Amino acid sequence: MEEKKKSYVKNRAPEKLVMVVAIVNESKVRYYTNLIQSFEGNLYLSMPASGTSEKAIMNYVSLNRSYRSAIFSIVREEKVKDLLEALEENFNKLKGGGGIAVTVPLSSIIGTLAYGFLSNDKRTIKK
């Protein structure tokens, strides 16, 4: 019985994953994807974004340009706080670099290799 408990704990995912969604001006997508990658965001997808927000709200978060992009990335939960702080700092200091970011917790990932890739866990890569 003791062995079964150990193997169950051994196979449990070590870190929770979070999806970070950042909406930024299109001209800054490359900059922000590089920033996210520096926090071990192993997967990111960017796509053109538009919405129905009022002009006043868009100006408040410095998204006053007509072309925006949404960046979807997967990051380990332990890195999210630092990433959001870095994003906020850059939203405020970069000219034309404003934006907004939100997080969505991921409750399950199927497969050890998929989890290993998304969490940037090199131990799960087969050689």
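What this report covers is the structure whose coordinates are included nearby. Each chain carries its own residue numbering, running from 1 in the direction its sequence is written. Two thresholds apply to this predicted model, a pLDDT of at least 70 for residue-level local features and 80 or more for giving and counting side-chain atom pairs, whereas whole-chain, interface and lining totals are computed over all residues. Calculation of side-chain values draws on the structure's entire complement of heavy atoms; hydrogens and water are dropped beforehand.

### Focus: the packing of aromatic side chains
Aromatic rings from Phe, Tyr and Trp, taking only the six-membered ring of Trp, are treated as a pair when their centres fall within 6.5 Å; an angle between ring planes under 30 degrees marks them as stacked, one over 60 as edge-to-face, and anything in between as tilted. Per the counting criterion, the structure on display carries two aromatic pairs. Judged by centre distance (5.3 Å) and plane angle (80°), the ring pair of Tyr31 and Tyr32 falls under edge-to-face. Using a relative accessible area of 0% as the deciding quantity, one classes Tyr32 as buried. In textbook terms, an aromatic cluster arises when at least three aromatic residues are bridged by ring pairs, as seen for Tyr31, Tyr32 and Phe91. Throughout, exposure labels follow a simple rule: accessible area from a 1.4 Å probe, protein chains only, divided by the maximum for the residue type, with under 20% read as buried, over 50% as exposed, and the rest as partly exposed.

### What to know about the environment of Gly97
Only DSSP runs of H or I reaching four residues or more are called helices, and only runs of E reaching two or more are called strands; each is numbered from the N terminus. Structurally, the position occupied by Gly97 is in the loop between helix H4 (77–93) and strand S4 (99–105). As for Gly97 and Tyr32, which are separated by 65 residues in sequence, their C-alpha atoms are 9.0 Å apart.

### Some thoughts on the nonpolar core
If you look at the biggest cluster of nonpolar residues, it comprises 16 residues, and the most contacted ones within it are Val24, Tyr32, Leu35, Ile71, Val75, Leu83 and Leu87. The set of elements that each furnish at least two residues to this core consists of strand S1 (17–25), helix H2 (29–38), strand S3 (68–76) and H4. At five residues, the largest contribution of residues to this core is made by H4. Any two residues having at least one pair of non-hydrogen atoms within 4.5 Å are treated as being in contact. Apart from the residues within four sequence positions on either side, Ile71 is in contact with Val20, Val21, Ala22, Val24, Val29, Tyr32, Thr33, Ile36, Tyr44, Leu45 and Ser46. The term nonpolar core refers to a set of buried residues drawn from Ala, Val, Leu, Ile, Met, Phe, Trp, Tyr and Cys, joined through side-chain atoms within 4.5 Å.

From the geometry alone we can't say anything about function, so treat these as descriptive.
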